[in-house]
Each structure stands twice: as C-alpha cells, then as structure tokens.
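Coordinate analysis (summary)
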Amino acid sequence: MTASFRLRFLLPLATLAALSLFLLAAPAGAAERFDAKDKAAIETIIHDYLVENPEVLVKAFETLERRQETAKLAQTQAAVETHRKAIYEDPDDHVTGNPDGDVTIVEFFDYQCGYCKRSFEPLMDFVEKDGNIRLVLKEFPILGPASLLATKAAIAAKNQDRYFDMHRALYAHKGDLDEDAIVAIAGETGLDIARLRKDMEDPAIQDQVSRTYRLAEQLGIDGTPAFVTGGTMYPGAVDTARLEDMIKQARGS
C-alpha cells in the first residue's frame, strides 16, 4: 500500500478518530456543550491540518504497521517455542544435511509450489556448502489432491531407502503433477511401483501429514514454502542471500 493511497483511504477515518480523541480529552462536561455545528467545525480543522501535513498521518500509520509486525513476530516466536519439539524433532520427518549441525532449518513445502521449486537448489547448495546445517523436511501438501499424492509417494519411498531421490525427482519434474506423472517419476527413480502403491496406503502417512497440518495452523503458516530456524519463521522463497541472513541470525553473529 503506497503512502498516497493510505492517505486517501484513511484520511476520513483518521479525522473521525482525531475528533473522538479531542472530545474525549476535553474537560468533563465540555463535550456535551459542543453542538453539531461545533463538532463539524472541529472536524474541518483537523481534516485541513492533516491535508496540509500529510506526513503526520503517513508516519502514524507506518508506526502502526511496524508495531503490528513486531507484535506478529513476537506471537510467531512464542508459537515456535511452544511447539519446538513438534517442529524440530518429529521422528517421521526426513533429516538431511548434517544431522549434528549447530543450526537446524525446517522447511514446510509442497511439490506443486513454484516458490518451493525455486528455493530447492539454492537451499541444498547452501546446506552442502555450509556443512554444519541440519535440514528438516516437512511435507505440507496444500495445493490439492496431486500434492497429497506426491507427498504420500515421497514418504512411502522411505521404505525403499529412496525418499530423497523421490523428493529431488518430484521437484525436478516439469509440468503438472497427477497420478500418472508421479508413478512415472517413481519408476524413473528406480522404485518398485507395486510396493510403493501398497506403502502409500499406510495410515501412518496420513497421520504424519495431519500432524503437519495441525502444526502449521498452530504456527500461522498458510502458504509454502515456510522456513523455521533459530526460533524465527521465514515465509516465502529463499535464495543464497536470504539464507545467509537467516543463518547469521540463528547463530547470533
């Protein structure tokens, strides 16, 4: 939202709010002595002042936005702390990178998410180059039935020790994902398709996904990708520069 748009949109509201504050701040009984004409005159004075000094209004709402962002960050950090074990230590999540790393990055992702695909290579390159990052992958299929099917296939591939191979192949796929595409990807990855189909029906997989849905709701995550590290959540795609900043903050340097 631009400053000029905010000014046009919020000026009447701000004028009314300022008038209300003026009346409330008046000495006891004074407000009752203002008739409609007096109130209209006061409102005009306030309105004209804000029009002539728009930076006052813009600054006020910028301050409000910063306070709201700070409050939201604090709320998110509190939620991360409350659900720390579920975030960082779910035994069903796949862990890659350095399992003993000094920093953990947790990624909530969906195989059909373009921003997740865009983040995949920079994230993996960064984790490998750093050498001291533990990466936790949380399957969070929110973009429809095909996403859920891809997630089930990836998780089921664990039984053939091919989870990450399937994970990478699903991200590398060009075009829409559907059952035929997922089966083809699994075949190209070297998986036993009959066994994979059977393993995908394991109720434990749906239980794992459901836990992630609940956790995402508790953390206020409603899109992908979303990353958690150092007790802070970072929604949206990442590149090398953003990852460097995230890890710097997490390591406190």
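Scroll up a little and you will see the structure.
Figured I'd write up the structure that's included with this text. Keep in mind the model is a prediction, meaning the values are calculated, not measured.

A separate point is the pattern of salt bridges. Using the criterion set out here, one finds eleven salt bridges in the structure. Linking Glu89 and Lys85 is a salt bridge whose minimum nitrogen-to-oxygen distance equals 3.5 Å. For Lys85, a relative accessible area of 59% gives the class exposed. As a salt-bridge pair, Arg197 and Glu179 come within 3.1 Å of each other at their nearest N and O atoms. Of this pair, Arg197 sits in helix H10 (residues 193-200) while Glu179 is found in helix H9 (residues 179-188), placing the two residues 18 residues apart along the sequence. Relative accessible area serves as the criterion here: at 42%, Glu179 is assigned to the partly exposed category. Put simply, Asp90, Asp92 and Arg211 are held in one network by salt bridges that share partners.

Omega for the peptide link from Thr224 to Pro225 comes to -10 degrees, which places this bond in the cis form. Inspection of the secondary structure assignment puts Pro225 in the loop between helix H11 (203-219) and strand S4 (226-229). Unusually for a residue other than glycine, Asp161 sits at a positive phi of about 55 degrees. Here Asp161 lies in the loop between helix H7 (145-156) and helix H8 (163-172).

One way to put it is that H7 packs onto H10 with a least axis distance of 9 Å and a crossing angle of 110 degrees. In terms of orientation, H7 and H10 fall into the roughly perpendicular class. Note on packing geometry: the crossing formed by H7 with H10 is right-handed. Contacts between H7 and H10 pair Leu149, Lys152, Ala153 and Ala156 from the former with Leu196, Asp199 and Met200 from the latter. Residue composition of the contact of H7 with H10, by class: five nonpolar, no polar and two charged.

Mapped onto the elements, Glu139 comes out in strand S3 (residues 133-139). Buried within the structure, Glu139 lacks any salt-bridge partner; Lys158 is the closest side chain of opposite charge, at an N-O distance of 7.5 Å. Only 2.8 Å separates the side chain of Glu139 from the side chain of Thr151, close enough to count as a polar contact. Side chain to side chain, Glu139 and Tyr163 meet in a polar contact 2.6 Å long. Sequence-distant contacts of Glu139, defined by excluding residues within four places in its chain, comprise Phe109, Tyr111, Thr151, Ala154, Ile155, Tyr163 and Thr212.

The subject of this paragraph is empty space enclosed by the protein. Tallied over the full model, the rule gives one cavity of 30 Å³ or more. Around the largest cavity, the lining residues are Asp92, Asp93, His94, Leu137, Lys138, Glu139, Ile155, Lys158, Tyr163 and Gln208. For the lining of the largest cavity, the per-class residue count stands at three nonpolar, two polar and five charged.

To continue, consider helix H3 (residues 36-52). The end-to-end C-alpha separation of H3 is 24 Å, in line with the 24 Å expected for 17 residues at 1.5 Å each. Every buried residue belonging to H3 is among Ile42, Ile46 and Leu50, and all of these are buried. The arc enclosing the buried residues of H3, seen along the axis, measures out at 70 degrees, which places them on a common side. Exposed side of H3, more than 90 degrees from the buried face: Ala36, Lys37, Ile45 and Glu52 are the residues found there.

Calculation rules
- Residues numbered from 1 in each chain as written.
- Predicted model: local features only at pLDDT ≥ 70, side-chain atom pairs only at ≥ 80, totals over all residues.
- Heavy atoms only, no water.
- Salt bridge = Lys/Arg side-chain N within 4 Å of Asp/Glu carboxyl O.
- Buried < 20%, exposed > 50% of the residue type's maximum accessible area, 1.4 Å probe, protein only.
- Helix = DSSP H or I, 4+ residues; strand = E, 2+ residues; numbered from the N terminus.
- Axes fitted to C-alpha atoms, helices over the stretch in contact; angles between N-to-C directions.
- Parallel < 35°, antiparallel > 145°, perpendicular 65-115°, else oblique.
- Left-handed = near helix turned anticlockwise from the far one by under 90°.
- Contact = heavy atoms within 4.5 Å.
- Nonpolar A, V, L, I, M, F, W, Y, C, P; charged D, E, K, R; others polar.
- Lys, Arg positive; Asp, Glu negative; His and termini not counted.
- Polar contact = N/O pair within 3.5 Å; in protein donor to acceptor, adjacent residues only side chain to side chain.
- 1 Å grid on protein atoms, 1.4 Å probe; cavity = no way out; pocket = protein on both sides within 12 Å on 5 of 7 lines; lining within 4 Å.
- Points joined across faces, edges and corners; volume = space filled by probe spheres on them.
- Expected span 1.5 Å × (residues − 1).
- Arc of directions from axis to C-beta.

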